[in-house]
Amino acid sequence: MNDLVGLEIEQRDEVVIARLTGELDISVADSKGRKIAEAVPSSARGVVVDMAQLEFMDSSGVSMLFGLARQVGSHRQQLVVVAPTGRPVARVLQIVEFDRAAPVREDVDAAIEAIATPQASQPPPG
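Owing to the predicted nature of the structure, the values given are computational and were not obtained by experimental measurement.

A full pass over the atoms with the stated rule returns 6 salt bridges. With its nearest N and O atoms 2.4 Å apart, the salt bridge here joins Glu 10 to Arg 19. In this structure Glu 10 comes out as partly exposed when scored by relative accessible area, which is 31%. Look at Arg 19 and you get partly exposed, because its relative accessible area is 23%. Between Glu 55 and Arg 87 there is a salt bridge, with the nearest N and O atoms lying 2.9 Å from each other. Highlighted residues: Glu 55 in strand β3 (residues 46-57) and Arg 87 in the loop between β4 (78-82) and α3 (88-95), separated in sequence by 32 residues. In this structure Glu 55 comes out as partly exposed when scored by relative accessible area, which is 44%.

Okay, here's the thing in C-alpha coordinates:
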(Lines give C-alpha, C1' and ligand atoms only; values in the text may rest on other atoms or scores of the structure.)
Protein backbone atom coordinates (compact mmCIF):
# COMPACT_ATOMS: atom_id res chain seq x y z
CA MET A 1 0.00 0.00 0.00
CA ASN A 2 2.12 2.85 -1.28
CA ASP A 3 -0.41 5.45 -0.21
CA LEU A 4 0.77 5.16 3.41
CA VAL A 5 3.56 7.60 2.72
CA GLY A 6 3.71 10.64 0.51
CA LEU A 7 6.90 11.84 -1.16
CA GLU A 8 7.41 15.24 -2.77
CA ILE A 9 10.76 16.20 -4.24
CA GLU A 10 11.88 19.70 -5.16
CA GLN A 11 15.20 21.33 -5.86
CA ARG A 12 16.28 24.63 -4.34
CA ASP A 13 19.49 25.85 -5.92
CA GLU A 14 22.00 23.06 -5.32
CA VAL A 15 19.95 21.21 -2.68
CA VAL A 16 17.32 18.53 -3.25
CA ILE A 17 14.49 18.52 -0.71
CA ALA A 18 12.51 15.31 -0.22
CA ARG A 19 9.39 15.70 1.94
CA LEU A 20 7.93 12.56 3.47
CA THR A 21 4.46 12.47 5.02
CA GLY A 22 2.39 9.71 6.58
CA GLU A 23 3.89 6.40 7.71
CA LEU A 24 7.26 5.07 6.56
CA ASP A 25 7.44 1.33 7.10
CA ILE A 26 8.85 -1.81 5.53
CA SER A 27 6.25 -1.81 2.76
CA VAL A 28 7.53 1.46 1.26
CA ALA A 29 10.92 2.37 2.77
CA ASP A 30 13.11 0.79 0.06
CA SER A 31 11.16 2.24 -2.85
CA LYS A 32 11.02 5.73 -1.32
CA GLY A 33 14.74 5.59 -0.53
CA ARG A 34 15.52 4.68 -4.14
CA LYS A 35 13.30 7.50 -5.45
CA ILE A 36 15.07 10.02 -3.21
CA ALA A 37 18.53 8.79 -4.25
CA GLU A 38 17.59 8.88 -7.94
CA ALA A 39 16.38 12.48 -7.57
CA VAL A 40 19.78 13.75 -6.41
CA PRO A 41 21.85 14.84 -9.42
CA SER A 42 25.62 14.73 -9.21
CA SER A 43 25.62 18.54 -9.36
CA ALA A 44 23.70 18.83 -6.07
CA ARG A 45 25.56 19.77 -2.89
CA GLY A 46 23.25 17.61 -0.86
CA VAL A 47 19.80 16.40 0.03
CA VAL A 48 17.42 17.36 2.81
CA VAL A 49 14.99 14.65 3.91
CA ASP A 50 12.12 16.51 5.57
CA MET A 51 10.37 14.22 8.04
CA ALA A 52 8.55 16.96 9.93
CA GLN A 53 5.14 15.64 8.84
CA LEU A 54 5.98 11.95 9.13
CA GLU A 55 3.77 10.33 11.77
CA PHE A 56 5.53 6.96 12.02
CA MET A 57 8.80 5.34 11.02
CA ASP A 58 9.90 1.79 11.75
CA SER A 59 13.38 0.29 11.58
CA SER A 60 13.21 -0.03 7.79
CA GLY A 61 12.87 3.76 7.58
CA VAL A 62 15.90 4.14 9.83
CA SER A 63 17.81 1.73 7.61
CA MET A 64 16.75 3.72 4.54
CA LEU A 65 18.18 6.91 6.09
CA PHE A 66 21.50 5.28 7.00
CA GLY A 67 21.70 3.92 3.44
CA LEU A 68 21.02 7.36 1.98
CA ALA A 69 23.69 8.88 4.23
CA ARG A 70 26.25 6.36 2.93
CA GLN A 71 25.19 6.78 -0.69
CA VAL A 72 25.26 10.58 -0.82
CA GLY A 73 28.44 10.61 1.24
CA SER A 74 30.12 8.37 -1.33
CA HIS A 75 29.31 11.07 -3.92
CA ARG A 76 30.79 13.79 -1.68
CA GLN A 77 27.34 15.17 -1.00
CA GLN A 78 25.61 15.79 2.30
CA LEU A 79 22.44 14.45 3.84
CA VAL A 80 20.58 16.48 6.44
CA VAL A 81 17.36 15.22 8.04
CA VAL A 82 14.58 17.47 9.32
CA ALA A 83 12.91 16.03 12.43
CA PRO A 84 11.57 18.67 14.84
CA THR A 85 11.91 18.02 18.56
CA GLY A 86 8.75 16.47 19.95
CA ARG A 87 7.76 14.72 16.73
CA PRO A 88 7.66 10.88 16.74
CA VAL A 89 10.46 10.54 14.19
CA ALA A 90 12.81 12.79 16.18
CA ARG A 91 12.70 10.39 19.12
CA VAL A 92 13.44 7.38 16.89
CA LEU A 93 16.45 9.18 15.36
CA GLN A 94 17.68 10.13 18.82
CA ILE A 95 17.47 6.53 20.05
CA VAL A 96 19.52 5.19 17.12
CA GLU A 97 21.98 8.12 17.37
CA PHE A 98 21.39 9.00 13.72
CA ASP A 99 23.17 12.33 14.18
CA ARG A 100 26.43 10.35 14.13
CA ALA A 101 25.70 9.56 10.46
CA ALA A 102 24.16 12.87 9.37
CA PRO A 103 22.95 16.10 10.97
CA VAL A 104 19.36 16.39 12.18
CA ARG A 105 17.80 19.85 12.15
CA GLU A 106 14.53 21.44 13.30
CA ASP A 107 13.39 22.84 9.94
CA VAL A 108 14.17 22.89 6.24
CA ASP A 109 15.85 26.31 6.30
CA ALA A 110 18.27 25.15 9.03
CA ALA A 111 18.94 21.97 7.05
CA ILE A 112 19.72 23.92 3.87
CA GLU A 113 22.01 26.20 5.87
CA ALA A 114 23.84 23.14 7.22
CA ILE A 115 24.55 22.05 3.65
CA ALA A 116 25.54 25.58 2.57
CA THR A 117 28.03 25.84 5.45
CA PRO A 118 29.49 22.34 5.84
CA GLN A 119 31.45 23.08 8.99
CA ALA A 120 28.18 23.92 10.75
CA SER A 121 26.69 20.56 9.77
CA GLN A 122 29.27 18.50 11.64
CA PRO A 123 28.14 17.10 14.99
CA PRO A 124 29.98 18.54 17.97
CA PRO A 125 33.02 16.53 19.08
CA GLY A 126 32.69 14.23 22.04
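After that view of the structure, there is still more to cover.
This part is about helix α4 (residues 108-116). Among the residues of α4, those classed as buried are Val 108, Ala 111, Ile 112, Ala 114 and Ile 115. Projected down its long axis, α4 shows its buried positions confined to an angular sector of 155 degrees, all on one face. One side-chain oxygen at the N-terminal end of α4 lies 3.2 Å from the backbone nitrogen of Asp 109; it belongs to Asp 107.

Moving on to the nonpolar core. Core analysis: the biggest nonpolar cluster contains 30 residues, and Leu 20, Leu 24, Met 51, Met 57, Leu 65 and Leu 79 have the highest contact counts within it. If you list the elements that add at least two residues to this core, you get β2 (15-24), α1 (29-38), β3, α2 (59-74), β4 and α3. The element contributing the most residues to this core is α2, with 6 residues. Setting aside residues up to four positions removed in sequence, Met 51 forms contacts with Leu 20, Leu 24, Met 57, Met 64, Leu 65, Val 81, Val 82 and Val 89. By size, the runner-up hydrophobic cluster in this structure holds 11 residues, among which are Val 15, Val 82, Ile 112 and Ala 114.

Below, the discussion takes up unusual backbone geometry. Within the chain, Asp 13 stands out as a residue other than glycine whose phi angle is a positive 55 degrees. For Arg 76, which is not glycine, the phi dihedral falls at a positive 60 degrees. The residue Arg 76 is located in the loop between α2 and β4 in this model.

Turning to the layout of surface pockets, a few remarks are in order. Over the atoms rolls a probe the size of a water molecule, and its path tells where empty space is left. Approximately 210 Å³ is the volume attributed to the largest pocket. Lining the largest pocket are 13 residues, with Ala 90, Arg 91, Leu 93, Gln 94 and Val 104 sitting closest to its centre. Top element by residues in the lining of the largest pocket is α3. It accounts for 4 residues.

This brings us to the sheet that holds strand β1 (residues 5-12). What the 5 strands build is an open sheet, ordered β1-β2-β3-β4-β5; its pairing is mixed. Two strands close off the open sheet at either side, each with one partner strand: β1 and β5 (104-105). Bridge count for β4 against β5 is 2 bridges, and the pairing is parallel. If you follow Val 81 over to β5, its bridge partner there is Val 104. Here α3 sits on the sheet and contacts β3, β4 and β5; the angle it forms with β3, its principal contact strand, is near 110 degrees.

Criteria and cut-off values
- Residues numbered from 1 in each chain as written.
- Predicted model: local features only at pLDDT ≥ 70, side-chain atom pairs only at ≥ 80, totals over all residues.
- Heavy atoms only, no water.
- Salt bridge = Lys/Arg side-chain N within 4 Å of Asp/Glu carboxyl O.
- Buried < 20%, exposed > 50% of the residue type's maximum accessible area, 1.4 Å probe, protein only.
- Helix = DSSP H or I, 4+ residues; strand = E, 2+ residues; numbered from the N terminus.
- Arc of directions from axis to C-beta.
- Polar contact = N/O pair within 3.5 Å; in protein donor to acceptor, adjacent residues only side chain to side chain.
- Core = buried A, V, L, I, M, F, W, Y, C linked by side-chain atoms within 4.5 Å.
- Contact = heavy atoms within 4.5 Å.
- 1 Å grid on protein atoms, 1.4 Å probe; cavity = no way out; pocket = protein on both sides within 12 Å on 5 of 7 lines; lining within 4 Å.
- Points joined across faces, edges and corners; volume = space filled by probe spheres on them.
- Pairing = 2+ DSSP bridges.
- Axes fitted to C-alpha atoms, helices over the stretch in contact; angles between N-to-C directions.

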